[in-house]
Amino acid sequence: MVDLFTGYGATTKSRKRTGSASAWDEMFPDPSSLTPTETRAAYKDVYGALARMTQEELRGRTAALASSYLAQGVTFDFAGEERPFPLDAVPRVIEQPEWVTVEAGIKQRVLALEAFLADIYGPQAAVHDGVIPASLISSSNHFHRQAAGIVSANNVRIQVSGIDLIRDEKGAWRVLEDNVRVPSGVSYVISNRRVMAQTLPELFVSMRVRPVGDYPNKLLQALRASAPAGVDDPNVVVLTPGVFNSAYFEHTLLARLMGVELVEGRDLFCSGGRVWMRTTAGPTRVDVIYRRVDDEFLDPLQFRADSQLGSPGMLMAARLGNVTIANAVGNGVADDKLVYTYLPDLIRYYLGEDAIIPNVDTWRLEDPLALEEVLDRLDELVVKPVDGSGGKGLVVGPAASKAELATLRKQLLRDPRGWIAQPVVQLSTIPTLVEDGMRPRHADLRPFAVNDGTDVWVLPGGLTRVALPEGELVVNSSQGGGSKDTWVIGLEPDFYHESSARNIQGLVADQAANTQATAAGTHPVDHSPQDKPLGNSDQQEQQQQQQQQQGRQPVSAGAPAASKSSAQEDREC
Amino acid sequence: MLSRIAESLFWIGRYIERSDGTARILDVHLQLLLEDPWIEENLACRSLLQLMGSPVPDEGELTRKDVLATLAMDRTHPASIAYSITSARENARRAREIVPTELWECLNTTSARMPRKVASEKTHDYFAWVRERAALAVGIVEAGASRDDAWHFFTLGRSLEQADMTARLLATRSLTEASGPSWTTILRSCGAYESYLRTYRGVPSARNAAEYLLMDRLFPRSIVFSVSRAEQCLRDLEPRTDRAGVTGQAQRVLGQIRSQLEYRPIMDILNDLPLQMMRVQDATSTASEAIGNRYFPKGNVPTWTGEAS
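If you look chain B up in an unreviewed UniProt entry, it shows as Alpha-E domain-containing protein from Cryobacterium glucosi.

Named according to an unreviewed UniProt entry, chain A is Circularly permuted type 2 ATP-grasp protein originating from Cryobacterium glucosi.

What follows is the structure in structure tokens.
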């Protein structure tokens, strides 16, 4: 019992001496003790189940997780070698009451971003009203004039979003960045859950973990809902860059679970303002493209002329309203980290509400005063490029060398529009099995939201990414990050309210159906007369069996039971 | 060919298919118990036992462990995977001179390697193993056996068992909640989920999923497909030139149940699923018995009784 969590607080203690505020630990209220035993309420059951295991046992299970992923092909490329996607055995647990807030915050943010994109590619009211400067929009790398006027039938541009959240030193949720282009990772949420249930079943016992398997259905519904007007049975496809893409596993999984075609650019062609795919039955019209290809590669007539990943004419078809591209082209402007700093204002402007989940404090470097302050304190801040995602190009001041800071300083002075600065936030930590044993590691959370035009549905859980090196604050799988299964536990609130009548009746009706089935009787399985279970067979058959046995083995002339056992020995040797 | 040999082949087919079907049903349902928090474990386990044709204890809470012990591991329990595997091997031994050596070795190895205990985190691996062994045995026959009477009896057994297993599976419908997910589960059980999604391009609805598993003409585990294949085997075993009707009792029973399913409105069947599926199971049992009477007559096994005076 002591074994697994021994030495957990060792690293926390040593960091405390350096002075910065220590991270919020999600499992233990007091992580600095060497072997913490008192857990937060959410983790009580998980801790109980884990504490019964030894470290070797848990390592064995972790190896089983990895080998199952290798067999399934849930891998990523590491220096030309296929490695299983790293999944930690300790889940992250979020209780339902807390999740309700997260969910509401995500919904609010998606709705605000939808309103913002519709506005920016339309009347630009927010610019006229002075909420956001025009120069910011026009200078964004991902603001595409080509996207103006392209609207799907149900006005949705962000069918899928992955908004990255973190918990700060006080445990409060904050938004780290918005991803409304092609957020990836949802396949790992689905496969993590399945492999966890197969390999660590005892953790699930007595916990009401909300299932995540519904995601492909929700996504398909949202995609169908965004189909061009007048199409009764829309033909949905997933557009992938191809097998060499690092997220190819995810593309295949989504296409498989939605039962739709997975196409590459060369499978598509545009003709007569429509998009078609080449099939054995001739050209088949495509109505909705869930594309996992970046804007720049989508249509060589509009963007990069050398792209072979898209199909020429696709954007024209979308503009004519004959095909829906999801997520919409040009969404990248909402991912711009400088737009991110305006989001609380935009939420107030479009929705008349205050942001439910706050941003991380951010300096806009275009402001000369802010730039000056940031340059002064460069060694204690995090500086990020505005159009990078997943930690690309990010510099953590306290961890950077003098030379790195000097280059950064020059870059900031040359292009202040290209960067933002934030204070170093100690992301919350969760126990993670590393080489030394169970240790706190920093983690973030990417919940996925699907917008079908009438409602924004947030997948209960999401992808928890964890940085495996000690003290590392950048959590990205391309930089040696692991993942955790994320559990939202407790009943859905509406289970008790609106739909409770349906649910409970449904359950009762099922029980009734069960007892009826009992009344109808059980149908026993058929058996070959010679393999009938001994207890059931009648006297005559036993005699026959005995005779046969005697014929072959004169020795065993005993009772039927004896002849049975001798047959068994016979088989086993 | 000898009736006794034919009978063994028929039962090898049935037992292989049964071990496969049982493993699929258990795998998905036991996993569902973990993943879906709203299922009452005791109730679900009871229904599962009952559906597999196993007596249900009157008292006490049943857990997934009990189901696993009974339906997977217990070598003496007639509905268990272990029992099917042993029986398939025993039947192969009785027909050793006809059964291809590759098949015999496959069944023999399976039976010898059948574990006596499975840790709860290894159950999925165990079921996967059972499915693989069944696939291997079927593959050996499909790839290498001439399409003679031996193959027809083997396939006849397989087809009947498949119909029976799918019927049991469909009857598990009443195990869980009334809405969508459990149709997903049922489809996953027989490896039909992905092909179903491609066929219907959408979320499983009760109507479509039932239609797919009951009467799809292309999906090999659908009841209509299995029953039709069994009928075809019977026709091939005994080609008839009569101008009217069928003569065999087995063909009659199978034809009746197939027509009932094919020509009845799907919603009618759905509203009365447990009973309808019970009828399918009855039909396969009756057909199995009729085939036994027709092709594997027991007669009175002559025994020496001494001189009568």
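(A) Representation of the sheet that holds strand S14 (residues 363-364) of chain A in the model. Residue and element names in this part refer to chain A. Spatially, the 4 strands line up as an open sheet ordered S14-S17-S15-S16, and their pairing is antiparallel. Strand pairing shows two members of the sheet lacking a second neighbour, S14 and strand S16 (395-396), which therefore form its edges. The sheet contact formed by strand S15 (residues 381-385) and S16 spans 2 bridges and is antiparallel. Bridge pairing links Val383 to Val395 in S16.

(B) Spatial organisation of helix H9 (residues 193-200) of chain B. Along H9 of chain B, the residues classified as buried are Tyr193, Ser195, Tyr196 and Leu197 of chain B. The first or second residue beyond H9 of chain B is Arg201 of chain B, which carries a positive phi of 50°.

(C) Representation of the packing of helix H11 (residues 223-237) of chain B against helix H14 (residues 273-295) of chain B in the model. Residue and element names in this part refer to chain B. At a minimum axis distance of 13 Å, the contact between H11 and H14 shows a crossing angle of 15°. On the basis of the axis angle, H11 is roughly parallel to H14. Crossing of H11 over H14 shows left-handed handedness. Here H11 contributes Ile223, Leu234 and Leu237 to the contact with H14, which in turn contributes Met277, Val280, Ile291 and Tyr295. Across the contact of H11 with H14, the residue classes tally to 7 nonpolar, no polar and no charged.

(D) Focus on the sheet that holds strand S21 (residues 456-458) of chain A. Residue and element names in this part refer to chain A. Across the sheet, 3 strands lie side by side as S4-S20-S21; this open sheet has antiparallel pairing. On the outer flanks of this sheet lie strand S4 (160-162) and S21, each paired with one strand and no other. Direction aside, the axes of adjacent strands within the sheet are offset by 25° on average. Sheet topology note: the strand S20 (residues 448-451)/S21 ladder contains 3 bridges and is antiparallel.

(E) Main features of the packing of H11 of chain B against helix H12 (residues 249-263) of chain B. Residue and element names in this part refer to chain B. At their nearest, the axes of H11 and H12 sit 10 Å apart, and the two run at 155° to each other. Classified by the interaxial angle, the pair formed by H11 and H12 is roughly antiparallel. Crossing hand, H11 versus H12: left-handed. On H12, the residues that touch Ile223, Val224, Val227, Ser228, Ala230, Glu231, Leu234 and Arg235 of H11 are Ala250, Gln251, Leu254, Gly255, Ile257, Arg258, Leu261 and Glu262.

(F) Layout of the packing of aromatic side chains. Within the structure shown, the criterion is met by 23 aromatic pairs over all chains. Ring centres 5.0 Å apart and planes at 45° place the aromatic pair Phe5 of chain A and Tyr47 of chain A in the tilted group. With Phe5 of chain A in helix H1 (residues 2-5) and Tyr47 of chain A in helix H3 (residues 44-51), this residue pair connects regions lying 42 residues apart in the sequence. In this structure Tyr47 of chain A comes out as buried when scored by relative accessible area, which is 9%. Following the ring pairs from residue to residue traces out a cluster consisting of Phe10, Trp11, Tyr15, Phe153, Tyr295 and Phe296 of chain B. When the ring centre of Trp24 of chain A is taken as reference, the NZ or CZ atom of Arg40 of chain A above it lies at 3.8 Å.

(G) Inspection of unusual backbone geometry at higher detail. Residue and element names in this part refer to chain A. With an omega of -10°, the peptide bond running from Ala326 to Asn327 counts as cis. Among the secondary structure elements, Asn327 is positioned in the loop between strand S13 (324-326) and helix H14 (332-335). Non-glycine residue Gln124 carries a positive phi angle of around 55°. Its location among the elements puts Gln124 in the loop between helix H5 (96-120) and helix H6 (125-128). For Asn155, which is not glycine, the phi dihedral falls at a positive 65°. Here Asn155 shows up in the loop between helix H7 (134-138) and S4.

(H) Representation of the nonpolar core in the model. The biggest cluster of nonpolar side chains holds 168 residues, and the ones touching the most others in it are Tyr215 and Trp487 of chain A together with Leu214, Ile223 and Met277 of chain B. When residues in this core are grouped by element, the largest group, 15 residues, is from helix H1 (residues 3-35) of chain B. When we break this core down by domain, the ones giving at least three residues each are domain 1 (1-145) and domain 2 (146-298) of chain B. The residues touching Trp487 of chain A, leaving out its near neighbours within four places in the chain, are Val46, Pro91, Arg92, Val93, Ile94, Arg193, Met196, Leu203, Phe204, Met207 and Val209 of chain A. Grouped together as the second largest cluster of nonpolar side chains are 68 residues, Phe143, Trp173, Leu239 and Ala334 of chain A included.

(I) Region of interest: the pattern of salt bridges. Under the criterion given, the structure shown has 42 salt bridges over all chains. A salt bridge links Asp526 of chain A to Arg14 of chain B, with the shortest nitrogen-to-oxygen separation between them at 3.0 Å. With Asp526 of chain A in the loop between helix H18 (500-520) and helix H19 (539-552) and Arg14 of chain B in helix H1, this pair bridges two chains. Linking Asp164 of chain B and Arg168 of chain B is a salt bridge whose minimum nitrogen-to-oxygen distance equals 2.8 Å. On the criterion of helical spacing, the pair formed by Asp164 of chain B and Arg168 of chain B is a turn pair, its members being 4 residues apart in helix H7 (residues 149-171). You'll find Asp164 of chain B and Arg168 of chain B in the same group, each marked buried. Overlapping salt bridges, with partners in common, bring together Glu26, Arg92, Glu98 and Arg167 of chain A in one network.

Definitions and limits used
- Residues numbered from 1 in each chain as written.
- Chains lettered and ligands numbered in written order.
- Predicted model: local features only at pLDDT ≥ 70, side-chain atom pairs only at ≥ 80, totals over all residues.
- Heavy atoms only, no water.
- Pairing = 2+ DSSP bridges.
- Helix = DSSP H or I, 4+ residues; strand = E, 2+ residues; numbered from the N terminus.
- Buried < 20%, exposed > 50% of the residue type's maximum accessible area, 1.4 Å probe, protein only.
- Axes fitted to C-alpha atoms, helices over the stretch in contact; angles between N-to-C directions.
- Parallel < 35°, antiparallel > 145°, perpendicular 65-115°, else oblique.
- Left-handed = near helix turned anticlockwise from the far one by under 90°.
- Contact = heavy atoms within 4.5 Å.
- Nonpolar A, V, L, I, M, F, W, Y, C, P; charged D, E, K, R; others polar.
- Phe/Tyr/Trp six-rings, centres within 6.5 Å; stacked < 30°, edge-to-face > 60°.
- Lys NZ or Arg CZ within 6 Å of the ring centre and 35° of its normal.
- Core = buried A, V, L, I, M, F, W, Y, C linked by side-chain atoms within 4.5 Å.
- Domains from an automatic or database assignment.
- Salt bridge = Lys/Arg side-chain N within 4 Å of Asp/Glu carboxyl O.

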